[in-house]
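Structure assessment
Each chain is listed here by its residues.
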Amino acid sequence: AAAVTGAAGLGFFAGAGAAVAALRRQLAQTDEQGVTRSAPCLPCMPMWRMLMSGIVQLIREPLMPAPQQSSLPKGGGPPAGVRKAPPRPSHTPLRPWADPRLDQSMYVRYDPPADKRTGAIIIVVPGGNYDDCGLDCDEGQPVAQWLVGIGITAVGLKYRCVSQGHYWPAQYEDWEECARQVVAQAKSWGCDPERVGVIGFSAGGHLAAYAANCADGALRPRLQILVYPSIDTETPRKGGGIEPWYPEQGYPSADASCHRLVGPETPPAFLAGIEGDTLCPPDENTEVYMHVLKRHGVPYRYVTDETHDHGCGLRDWWSKDCGIWLREQGWALQAAED
């Protein structure tokens with residue numbers, strides 16, 4: 001590499017010398033009396049300084065290798081036999097005019113391939129006790145990717161948090177703004193604005209259930225999927241693994257407990273609870289909600305598990321039954337592994 005660099009440097013110097021001589025000839029000036037003036041001092045000229053900078057850079061660094069040819073076919077697609085990747089997710093701030101240092105709420109859209117799209121949309125709401133929210137967890141992007149695999153467009157919501165001074169109902173306001181934008185743009189995504197649902201986990205399950213019972217008109221989800229959700233804001237009551245939510249600290253108050261909000265407009269629900277969960281005990285949350293749904297004649301399906309912990313995210317114990325339930329609703333394709 002050093003020999004190649006030295007040869008190239010000598011060639012460059014030879015060419016540079018000829019260029020300098022030509023440049024001096026062009027810069028020579030003739031006044032009105034025909035007297036030739038010498039060219040200005042080259043080292044003082046910006047062009048000369050740029051030329052010298054390039055020479056120094058060439059001496060210091062070896063020549064860059066030639067770029068490698070792409071292994072992709074000329075058409076740009078993957079080689080034969082390679083699985084095709086879905087479209088890349090798109091990121092949208094909920095309030096693009098807001099200072100992102102103060103408002104980081106956003107949504108990320110995950111699209112199925114066009115030939116596998118059912119037209120349904122589900123908004124994914126991760127948990128985090130309303131103190132943390134991100135898609136980089138088992139309740140975020142993996143869930144969105146699972147939905148894409150069964151033909152559903154997924155919209156992952158990152159909402160503002162109480163721990164950052166955004167007291168309730170800021171989280172619901174973020175969900176509402178996200179739903180408003182999703183419904184408005186659904187047709188341009190090749191989707192049906194009449195088939196927008198929600199899935200939520202833990203605190204995100206509370207937000208999903210609250211939206212399913214309180215959102216107005218076209219923004220109300222057409223179905224709800226709640227995985228180990230927080231339903232009653234005053235739980236856990238029996239020495240659980242976390243403190244209940246206190247409204248004076250910015251969390252939802254008792255009147256935001258979702259089992260108190262169920263009515264005839266509440267959409268069908270898929271519920272999943274974990275036996276032994278000390279953060280969102282099913283007998284104080286999921287099962288309470290289930291009984292109220294039953295009392296109001298709202299269709300539901302309930303599955304339980306005894307082996308996983310709260311916060312496990314996407315797991316077969318609930319996702320397989322949920323996929324079947326979504327197909328029964330006419331929202332999903334059959335999963336490849338089914």
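Structure's up top.
The text that follows walks through the structure, step by step, so that each part is easy to find. (Residues numbered from 1 in each chain as written. Predicted model: local features only at pLDDT ≥ 70, side-chain atom pairs only at ≥ 80, totals over all residues. Heavy atoms only, no water.)

1. Section: the environment of histidine 308
- Relative to the helices and strands, histidine 308 resides in the loop between strand E10 (300–305) and helix H7 (316–328).
- For the pair histidine 308 and glycine 276, spaced 32 residues apart in the sequence, the C-alpha separation amounts to 9.3 Å.
- Excluding residues within four positions of it along the chain, histidine 308 makes contact with Ile274, Arg315 and Trp317.
- Within polar-contact distance, the side chain of histidine 308 engages the side chain of threonine 307 at 3.1 Å. (Helix = DSSP H or I, 4+ residues; strand = E, 2+ residues; numbered from the N terminus. Contact = heavy atoms within 4.5 Å. Polar contact = N/O pair within 3.5 Å; in protein donor to acceptor, adjacent residues only side chain to side chain.)

2. What about the nonpolar core?
- Within the largest apolar cluster, 46 residues are counted, with the highest numbers of intra-cluster contacts made by Ile123, Tyr130, Trp175 and Tyr289.
- Those elements giving two or more residues to this core turn out to be strand E5 (121–125), strand E6 (153–158), helix H4 (170–185), strand E7 (196–201), helix H5 (203–214), strand E9 (269–274) and helix H6 (286–295).
- The residues touching isoleucine 123, leaving out its near neighbours within four places in the chain, are Val155, Leu157, Trp175, Cys178, Ala179, Val182, Val196, Gly197, Val198 and Ile199. (Core = buried A, V, L, I, M, F, W, Y, C linked by side-chain atoms within 4.5 Å. Buried < 20%, exposed > 50% of the residue type's maximum accessible area, 1.4 Å probe, protein only.)

3. What about the environment of phenylalanine 201?
- Checked against the element boundaries, phenylalanine 201 lands in strand E7.
- In this structure the C-alpha to C-alpha distance between phenylalanine 201 and asparagine 129, which are 72 residues apart in sequence, comes to 9.8 Å.
- With near-sequence residues (within four places) excluded, phenylalanine 201 lies in contact with Val125, Pro126, Gly127, Glu139, Val143, Val227, Tyr228, Gly313 and Trp318.

4. Comments concerning the sheet that holds strand E3 (residues 90–93)
- A sheet is described by the order of its strands in space; here 8 strands give the open sequence E3-E4-E6-E5-E7-E8-E9-E10, paired in mixed fashion. Looking at the sheet topology across the chains shown, the edges are occupied by E3 and E10. The average undirected angle you get between the axes of adjacent strands in this sheet is 15 degrees.
- As paired elements, E5 and E7 share 5 bridges and run parallel to each other. Residue pairing for E7: valine 125 is matched across the bridge by glycine 200. (Pairing = 2+ DSSP bridges. Axes fitted to C-alpha atoms, helices over the stretch in contact; angles between N-to-C directions.)

5. A look at the pattern of salt bridges
- Under the definition given, this model contains 14 salt bridges.
- As a salt-bridge pair, arginine 160 and aspartate 174 come within 3.0 Å of each other at their nearest N and O atoms. Of this pair, arginine 160 sits in the loop between E6 and H4 while aspartate 174 sits in helix H4; the two residues are 14 residues apart in sequence, bridging distant segments of the chain.
- In this structure, glutamate 234 and arginine 260 form a salt bridge, with 3.8 Å as the shortest nitrogen-oxygen distance. Remark: arginine 260 occurs in the loop between strand E8 (224–227) and E9 and glutamate 234 occurs in the loop between E8 and E9; sequence separation between them is 26 residues.
- Each of the salt bridges in this network shares a partner with another, and the network as a whole consists of Arg95, Asp103, Arg160, Glu173 and Asp174. (Salt bridge = Lys/Arg side-chain N within 4 Å of Asp/Glu carboxyl O.)

6. Let's talk about the side chain of asparagine 285
- With respect to the helices and strands, asparagine 285 occurs in the loop between E9 and H6.
- Residue asparagine 285 is classed as buried on the basis of its relative accessible area, which comes to 0%.
- Side chain to side chain, asparagine 285 and threonine 235 meet in a polar contact 3.3 Å long.
- Sequence-distant contacts of asparagine 285, that is, excluding residues within four places in its chain, are made with Pro229, Ser230, Ile231, Asp232, Thr235 and Cys280.

7. Digging into the side chain of aspartate 232
- By secondary structure assignment, the location of aspartate 232 is in the loop between E8 and E9.
- Of the residues examined, aspartate 232 reaches a relative accessible area of 5% and is grouped as buried.
- Among the polar contacts listed, one links the side chain of aspartate 232 to the side chain of arginine 237, at a separation of 2.8 Å.
- Setting aside residues up to four positions removed in sequence, aspartate 232 forms contacts with Arg237, Ser257, His259, Glu284 and Asn285.

8. Some details on helix H3 (residues 141–149)
- What H3 keeps buried is the set Val143, Ala144, Trp146, Leu147 and Val148.
- Looking at the packing, one finds that the buried side of H3 touches strand E4 (106–110), E5, E6, E7 and H7.
- Looking at the residues trailing H3, positive phi occurs at glycine 151, about 90 degrees.

9. Notes on the pairing of E5
- Summarising burial for E5: 5 of the 5 residues are buried, a large majority.
- With burial as the criterion, each face of E5 is covered, one bearing Ile121, Ile123 and Val125 and the other bearing Ile122 and Val124.
- Where E5 and E6 come together, 4 bridges link them in parallel fashion. Along E6, the bridge assignment pairs isoleucine 121 with threonine 153.
- Note that the unit made of E5, H3 and E6 has a crossover that is right-handed. (Right-handed = clockwise from strand over helix to strand, strands pointing away.)

10. Digging into the packing of aromatic side chains
- Inspection of the entire model under this criterion finds 11 aromatic pairs.
- For the ring pair tryptophan 146 and tryptophan 318, a centre distance of 5.4 Å and an interplane angle of 80 degrees mean the geometry is edge-to-face. With a gap of 172 residues between them, tryptophan 146 in helix H3 and tryptophan 318 in helix H7 connect regions that are remote in the sequence.
- Members of the aromatic cluster, connected to one another through ring pairs, are Tyr130, Tyr159, Trp168, Tyr172, Trp175, Tyr210, Trp245 and Tyr251. (Phe/Tyr/Trp six-rings, centres within 6.5 Å; stacked < 30°, edge-to-face > 60°.)

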